[in-house]
Every structure is written in C-alpha cells, then in structure tokens.
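Structure at a glance
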Amino acid sequence: GNSVTQMEGPVTLSEEAFLTINCTYTATGYPSLFWYVQYPGEGLQLLLKATKADDKGSNKGFEATYRKETTSFHLEKGSVQVSDSAVYFCALSKETSGSRLTFGEGTQLTVNP
Amino acid sequence: NAGVTQTPKFQVLKTGQSMTLQCAQDMNHNSMYWYRQDPGMGLRLIYYSASEGTTDKGEVPNGYNVSRLNKREFSLRLESAAPSQTSVYFCASSVNGLYGYTFGSGTRLTVV
C-alpha cells in the first residue's frame, strides 16, 4: 500500500537557519505529493504540491522537488523565521486509491529568535 | 468566509455517551473526509465520501458512523464513546484529492 515517511522530529533551529525536512514515499506509479502546515490550534493548510516527477512546488519561501528516482519530496527553506514554527506534514494522493491523502507522521519545527 | 466549518470546537464526553460531529463546506466540493489526529501518528482516515450519496471506510472506522447528508454536509457519529476515541478530529473536502484538500479547524474531543 501507499505510505509516507518523514524525518523524526522535533527540529529546533535558530532564526535565519537553513531548513530541510526529509520525506520519502512508497507508492506505485506517479502519486501527487504535498506538504501541509499546521500552526498551533489550527487545521492543516496546503503549503505546496507537485503532481508529476521533477516538478518543484514552492510557496512562502518553501520549496520541494518531486524526485521519482529517490521517491522523495524533501521540504527546504533557505532562511526560517520564528513565524515558521509549526508542524509540517508530507502527504501523497493517488487516483487509484480514490484520491485519498496518506500522511506522514508530521515534523514539529521550532524556530528560536 | 468560504471553507470548511466544524462544530463543536471542543467537547468532553463520558464513556458510553454518543455525539455527532458536524462538518459543512461551501466550496461545492465533491469529496469529504474525516480524519483523527493523535500524537506521533499523523492523521488517520476514518471515513470518506467520494461524492454525494456514497461513503466508504478508511483506516480506522471502528466505533464511528458517518452520514453524507447532502453535498455540503458530512457528519461523524460516535455511538458509544470510549477513552481511545480521545483525539482531535478534522474534516476536509476536495474537488479532486489529487490537487489537495481544504481542512476545517478541528474538534478536540476528550472521553473520560
């Protein structure tokens, strides 16, 4: 079946540091890949997505590239801010599974001033 | 504001009590979903409705029932609440899941 594995957290960084959160997936064919962000006390918000191999999703300074050869979709940001503190979820969706999202466990990011 | 609305935001139940979590979306989305979120386990799908008139089980359906009342509304019912159902519940909707979901703000449920 489909599955998503994220790097273990929590991750703590200083402001302006470089961020990488690793995500790998298991699925046949070509799933769509997503990163969602959850701020404290809120629901999940779509951060970025990629629907085919080699696509790069980007939003709010975050980027992730769909790598079919390594089945990965790592999230990166060049300079994090305190306001980026949140939980980040990697997810995939396949049409053959009814387009249901399969989520990773989530990675808690804390950015200190 | 357009989006997904969940009620209530917080609820405390005693073991054995029943309740219904309500969800409504005003984006004319075809598909709706119920997830639960537990520490260290990400989000797990309880039930989903691919279109009005259909519902299907997800990963963790035991102890829950759902009703797709119309295209806008998708409710989740706990018939006899158990402490293991203490969780945060999220409703979501999508036009097509391949392009992502819109989530509600969640219901924090505690069963004592």
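Notes on the structure follow. (Residues numbered from 1 in each chain as written. Chains lettered and ligands numbered in written order. Predicted model: local features only at pLDDT ≥ 70, side-chain atom pairs only at ≥ 80, totals over all residues. Heavy atoms only, no water.)

Turning next to the packing of aromatic side chains. One pass over the full model with this rule turns up 15 aromatic pairs over all chains. Ring geometry for Phe89 of chain A and Phe103 of chain A: centres 6.2 Å apart, planes at 85°, overall edge-to-face. Taken together, the residues Phe89 of chain A in strand E10 (residues 86-93) and Phe103 of chain A in strand E11 (residues 101-103) connect sequence positions 14 residues apart. In terms of burial, Phe89 of chain A and Phe103 of chain A fall into one category: buried. Taking 4.1 Å as the distance between ring centres and 15° as the angle between the ring planes, the aromatic pair formed by Tyr33 of chain B and Tyr101 of chain B counts as stacked. Of this pair, Tyr33 of chain B sits in strand E4 (residues 31-37) while Tyr101 of chain B sits in the loop between strand E9 (87-94) and strand E10 (102-103), placing them 68 residues apart in sequence. Neither Tyr33 of chain B nor Tyr101 of chain B differs from the other in exposure class; each is buried. The ring of Tyr30 of chain A has Lys68 of chain A sitting right over it, with the charged end atom 4.4 Å from the ring centre. (Phe/Tyr/Trp six-rings, centres within 6.5 Å; stacked < 30°, edge-to-face > 60°. Helix = DSSP H or I, 4+ residues; strand = E, 2+ residues; numbered from the N terminus. Buried < 20%, exposed > 50% of the residue type's maximum accessible area, 1.4 Å probe, protein only. Lys NZ or Arg CZ within 6 Å of the ring centre and 35° of its normal.)

A few words on the sheet that holds strand E3 (residues 19-25) of chain B. All names here are of chain B. In space, the four strands of this open sheet follow the order E1-E3-E8-E7, with antiparallel pairing throughout. Each edge of the open sheet is held by one strand with a lone partner, namely strand E1 (4-7) and strand E7 (64-68). The sheet shows a mean angle of 15° between the axes of neighbouring strands, direction not considered. Two strands pair when backbone bridges link them, and E1 and E3 are joined in this way by four bridges, in the antiparallel orientation. Note on E3: the bridge partner recorded for Val4 is Gln25. (Pairing = 2+ DSSP bridges. Axes fitted to C-alpha atoms, helices over the stretch in contact; angles between N-to-C directions.)

Our focus in this paragraph is the state of the cysteines. Counted according to the given criterion, the structure contains two disulfides over all chains. What pairs with Cys23 of chain A in a disulfide is Cys90 of chain A, and their sulfur atoms sit 1.9 Å apart. Negative torsions about the S-S bond denote left-handed disulfides, and the value of about -70° found for Cys23 of chain A with Cys90 of chain A makes this one left-handed. You can see Cys23 of chain A sitting in strand E4 (residues 23-26) and its partner Cys90 of chain A sitting in strand E10, a full 67 residues away along the chain. This pair shows no difference in class: Cys23 of chain A is buried, exactly as Cys90 of chain A is. Bridging Cys23 of chain B to Cys91 of chain B, the disulfide has an S-S length of 1.9 Å. The chirality of the disulfide connecting Cys23 of chain B with Cys91 of chain B is left-handed, given an S-S dihedral of about -75°. Of the two residues, Cys23 of chain B is situated in strand E3 and Cys91 of chain B in strand E9; the sequence distance between them amounts to 68 residues. Side by side, Cys23 of chain B and Cys91 of chain B carry an identical accessibility label, which is buried. (Disulfide = S-S within 2.5 Å.)

Below, the discussion takes up the interface of chain A and chain B. By convention, interface size is frequently given as the accessible area that disappears when the constituent parts associate. Taken together, the contacts link 21 residues of chain A with 20 residues of chain B. Between chain A and chain B, a total of about 1,500 Å² is buried, with carbon and sulfur atoms accounting for 59% of that surface. Three residues stand out in chain A for area buried against chain B, namely Leu44, Arg100 and Phe103 of chain A, and they jointly supply 31% of the buried area on that side. At the boundary of chain A with chain B, the tally comes to zero salt bridges. Secondary-structure elements contributing two or more residues to the side of chain A that touches chain B are strand E5 (32-38), strand E6 (44-50), E10 and E11 of chain A. (Contact = heavy atoms within 4.5 Å. Buried area = accessible area lost by both parts, 1.4 Å probe. Salt bridge = Lys/Arg side-chain N within 4 Å of Asp/Glu carboxyl O.)

We now examine the nonpolar core. The biggest cluster of nonpolar side chains holds 27 residues, and the ones touching the most others in it are Trp35, Leu47, Leu48, Phe73, Leu75 and Tyr88 of chain A. Those elements that provide at least two residues to this core are strand E2 (11-14), strand E3 (19-21), E4, E5, E6, strand E8 (62-65), E10 and strand E12 (107-112) of chain A. The greatest single-element share of this core, amounting to four residues, is contributed by E10 of chain A. Residues within four places of Leu48 of chain A in sequence aside, it is in contact with Leu33, Phe34, Trp35, Gly57, Ser58, Asn59, Phe62, Glu63, Ala64, Phe73 and Leu75 of chain A. Counting residues in hydrophobic clusters, the runner-up holds 19 residues, among them Tyr47, Tyr64, Leu78 and Tyr89 of chain B. (Core = buried A, V, L, I, M, F, W, Y, C linked by side-chain atoms within 4.5 Å.)

This paragraph deals with the pattern of salt bridges. Residues and elements named next belong to chain A. Under the defined criterion, the tally for this structure stands at six salt bridges over all chains. Of the charged contacts in the structure, one is a salt bridge between Asp84 and Lys77, with a shortest N-O distance of 2.8 Å. Of the two residues, Asp84 and Lys77, neither departs from the other in class, the shared state being buried.

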